[in-house]
Amino acid sequence: MAKVEALLSDGELKLGHLYVSDGSGQRLLSIGHPTVYTLPEKEQSANDGGFFIHMNNREYFVSTLISPHRDRHYILMTSVDFIRQDLKRITNLVWCVTTMLILAGIVLAVVLAKGKYKPIKKIADGFSAKMKTVPKEPSDELKLIEWAADTALKEKEQFLSAMQRQLPVLRSNVLLRLIQGSIPAEQNALQSIGVEFHQRYFCVILVHVDQYSGGTMKDRNFSKFVIGNVLEHLGRELGQSYVVDLDPDRVALLINIDQANDAADMQLQELAAKALEFIGLKYHSTITISIGGVHEKLEGVHASYQEAVRAMEYQILKGYSSVINFGDIKTLHNPQTTYDYPIQTEELLIHSIKHGDIAKVRAIMSAVYQMNFVTRHLPLQMARCLFFDLMGTSIKVLNSSVMDFENIFADGPQPYERLISSRTIQEMQHTLLWIYEKICAHIQAQKNQHSTQLKDRITAYIGETFTDPNLSLTKVAGVFNLNPSYLSGLFKDQVGENFLNYVNKLRVEAAKKYLVEQSVSLQEIAARVGYSNNVVLIRNFKKHVGMTPSEYREKRR
């Protein structure tokens, strides 16, 4: 017990007062001042727990414990001041330890943050260096990175939006390269632009806009856009179809179909006929359609396009508003057939044009067209040769020295421009007839003007010399360096009567004056007016006046 006391007792201020008693309240052991506490009553000490008491002007906390094995009561009295001091000491220790831990955490955080901050700063500096515009004074690197990320996302959205808007153009460019023979290396290159081919066979339909419904560029672009949409819509009846813009007057329709047989050819022909009719009636635009052959795989797209281009060349024979199938033009190819336009026909045509004989010109042109395009089927090469041969004839005529080019075509379209723009034999024939009619009309006008002037000069000469008994058609023709036959025809056309009749009228009119104004004989009057005797005078006078000279004199007096 002494050893226990020595071990536990460390003074009143350290541990307090400890008492051990038996069940009867007899104190068995006390550590601390023995007179501090009077043992509680038995019933008080029998309760486990704790409570406060005041003794000797001090406050104590009393805790009791009853042993369950032996009849012992353990009572511990601890000064509240001691507890408070101990708590204060512990609190100070806790605050000290906490402060040290916080400082250590701050140091550790700074060290760790510094290590993590370097890559963040590096990223921020990279954004600042690479981006064109950055905030003038970003609050910190994270704000800068946040701003850069937000800007990048917005730019990505703008880029995707722009790509979506440009998708039709991109698709058209890729499809254009495809039909021209450039096959995409990547398998999903077409799918990435919204182009999908599920069938095995391909066909290209070529559309040439011959005449637009409107004249302005805006009208032409709108018409072409509508034509493309109509073609694509009709093409979907057969399979996947896409329109490709080729040049200002041409579009191509690429169709992906599931078969290559006569039925497919018939369907393609019907599609072209529908497009031709619908566009012509609805939008008043003239188009020509050519159909290429049906080929397998993407490699066959270019072959079909080439065939469609070759078929379109036969528009020169088929004319506008026609559907030309590549399979049909094979029957037109006969290299042994040549065109019929001999040099004699060309010379006769030029001669007729220079003489202003438009009826003869029309007859020759009709005969040339009939011989080459109605009674026979010229191959394309020969048709082109004839095309350029006829154009050469027109150029010879236009460049002729007798042609007053500036006056003939001063008030209308220029002939060379119309000739160059002609794309079919029919259009060239119409253009050539228009040119020749203009030339013939001008020549006729010149002839009429010249003939009128010549007629005036001839009639004036006759008016001065009709009293000459030797006056004749041959003499007048010699005076004016004309062929007597030409003069006779010219006189008849311009004056309306023949030369002799005109001269006799002048002589009769002169004889009338002599009969009324002078009393001279008929023989003398006949000599004065150019007749060799009075018998001729009497005969012509009665023919034109209806009476004899004597009767006329008697009646007038």
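Residues numbered from 1 in each chain as written. Predicted model: local features only at pLDDT ≥ 70, side-chain atom pairs only at ≥ 80, totals over all residues. Heavy atoms only, no water.

## Looking at a nonpolar patch on the surface
On the surface, Ile102, Leu103, Ile106 and Val110 cluster together to form a nonpolar patch covering roughly 370 Å² of accessible area. You can see Leu103 is positioned in helix 3 (residues 80-130). (Patch = residues over 30% accessible without salt bridge, like charges linked within 9 Å, V, L, I, M, F, W, Y side chains within 5 Å. Areas by Shrake-Rupley, 256 points an atom, 1.4 Å probe, with all protein chains shown as cover. Salt bridge = Lys/Arg side-chain N within 4 Å of Asp/Glu carboxyl O. Helix = DSSP H or I, 4+ residues; strand = E, 2+ residues; numbered from the N terminus.)

## Thoughts on the environment of Ile425
By the secondary structure assignment, Ile425 is in helix 15 (residues 425-465). When the C-alpha positions of Ile425 and Phe387 are compared, they lie 6.7 Å apart, and in sequence the two are 38 residues distant. If near-sequence neighbours (up to four positions away) are discounted, Ile425 is found in contact with Ile316, Tyr369, Phe373, Ala383 and Phe387. (Contact = heavy atoms within 4.5 Å.)

## Observations concerning unusual backbone geometry
In this structure, Lys297 takes a positive phi of about 60° despite not being glycine. One can find Lys297 in the loop between strand 10 (295-296) and helix 7 (299-313). Under the relative-accessibility criterion, Lys297 is labelled exposed at 54%. In this structure, Asn481 is a non-glycine residue whose phi angle is positive, near 55°. Its location among the elements puts Asn481 in the loop between helix 16 (473-479) and helix 17 (484-495). Taking the relative accessible area as the measure of exposure, Asn481 reaches 71% and is therefore exposed. (Buried < 20%, exposed > 50% of the residue type's maximum accessible area, 1.4 Å probe, protein only.)

## A word on the nonpolar core
Leu349, Ile435, Tyr436 and Ile439 are the most contacted members of the largest nonpolar core, which totals 38 residues. Mapped onto this core, the elements with two or more residues apiece are helix 8 (315-318), helix 9 (326-329), helix 10 (343-354), helix 11 (358-374), helix 12 (380-398) and helix 15. If you tally residues by element for this core, the top one is helix 15, at 10 residues. Residues contacting Ile435, with those up to four places away along its chain left out, are Leu398, Phe409, Pro415 and Leu419. (Core = buried A, V, L, I, M, F, W, Y, C linked by side-chain atoms within 4.5 Å.)

## Overview of the side chain of Thr393
One can find Thr393 in helix 12. At a separation of 2.7 Å, a polar atom in the side chain of Thr393 contacts the side chain of Glu346. Beyond its immediate sequence surroundings of up to four residues, Thr393 is in contact with Tyr341, Glu346, Leu349, Ile350 and Tyr436. (Polar contact = N/O pair within 3.5 Å; in protein donor to acceptor, adjacent residues only side chain to side chain.)

## Focus: the pattern of salt bridges
Should the charged atoms of two oppositely charged side chains come close, the side chains can pair. Taken as a whole and assessed by the stated rule, the structure comprises 11 salt bridges. A salt bridge links Lys396 to Glu346; the nearest nitrogen and oxygen atoms lie 3.1 Å apart. With Lys396 in helix 12 and Glu346 in helix 10, the pair connects residues that are 50 residues apart, well separated along the chain. Taking relative accessible area as the criterion, Lys396 reaches 48% and is therefore assigned partly exposed. Salt-bridge contacts for Lys512 lead to Glu509; the nearest nitrogen and oxygen are separated by 3.2 Å. Highlighted residues: Lys512 and Glu509, both in helix 18 (residues 499-517), separated by three residues, approximately one helical turn.

## With respect to the packing of helix 12 against helix 15
With their axes 11 Å apart at the nearest point, helix 12 and helix 15 run at an angle of 15° to one another. Considered as vectors, helix 12 and helix 15 are oriented roughly parallel to each other. For helix 12 against helix 15, the interelement crossing comes out left-handed. Facing helix 12, whose interface residues are Ala383, Phe387, Leu390, Met391, Thr393, Ser394, Val397 and Leu398, helix 15 presents Ile425, Met428, Leu432, Ile435, Tyr436 and Ile439. Across the contact of helix 12 with helix 15, the residue classes break down as 12 nonpolar, two polar and no charged. (Axes fitted to C-alpha atoms, helices over the stretch in contact; angles between N-to-C directions. Parallel < 35°, antiparallel > 145°, perpendicular 65-115°, else oblique. Left-handed = near helix turned anticlockwise from the far one by under 90°. Nonpolar A, V, L, I, M, F, W, Y, C, P; charged D, E, K, R; others polar.)

## Regarding the confidence of the model for the protein
Put simply, the protein has an average pLDDT of 79, and 82% of its residues get 70 or more. Within the protein, helix 2 (residues 42-45) has the poorest average pLDDT of any element, 41, and strand 8 (residues 250-257) the best, 91. Counting contacts from residues 41-47, a segment whose pLDDT is below 50, to residues more than four positions away or on other chains yields nine contacts. (pLDDT = per-residue confidence, 0-100.)

## Quick look at the pairing of strand 6 (residues 201-211)
Taking burial as the measure, the 11 residues of strand 6 include 10 buried ones, the bulk of the element. The pairing of strand 6 with strand 10 spans two bridges and is antiparallel. Looking at strand 10, one finds that Tyr201 is bridged to Glu296. As defined by bridge partners, strand 6 adjoins strand 9 (residues 286-291) across six bridges and the pair is classed as antiparallel. Paired with Val209 across the two strands is Ile287, which belongs to strand 9. (Pairing = 2+ DSSP bridges.)

## Observations concerning the pairing of strand 7 (residues 240-247)
Sheet analysis places strand 7 next to strand 8, joined by seven bridges and oriented antiparallel. In the sheet register, Asp245 faces strand 8, and the bridge partner there is Val251. Between strand 7 and the antiparallel strand that follows it, strand 8, lie two residues.

## A short note on helix 17
Here helix 17 is 12 residues long and its end C-alpha atoms lie 16 Å apart, about the 16 Å a rise of 1.5 Å per residue gives. Residues of helix 17 that are buried: Leu487, Leu490 and Phe491. For helix 17, the angular spread of buried residues about the axis comes to 100°, placing them on one side. Of the residues in helix 17, the exposed ones pointing more than 90 degrees away from the buried face are Ser485 and Asp493. Contact partners of the buried residues in helix 17: helix 15, helix 16 and helix 18. (Expected span 1.5 Å × (residues − 1). Arc of directions from axis to C-beta.)

## Here we look at helix 20 (residues 534-545)
In a regular helix each residue adds 1.5 Å, so 12 residues correspond to 16 Å; helix 20 covers 16 Å between its end C-alpha atoms and thus fits that length. All of the buried residues along helix 20 are Val536, Leu537, Asn540 and Phe541. The buried residues of helix 20 occupy one face: seen down the axis, they fall within an arc of 125°. Set apart from the buried face of helix 20 by more than 90 degrees, the exposed residues are Val535, Arg539 and Lys543. Tucked into the core, helix 20 has its buried residues touching helix 18, helix 19 (522-529) and helix 21 (549-556). Its side-chain oxygen 3.0 Å from the backbone nitrogen of Val535, Asn533 forms the N-cap of helix 20. Remark: Gly546 follows helix 20 within two positions and exhibits a positive phi of approximately 95°.

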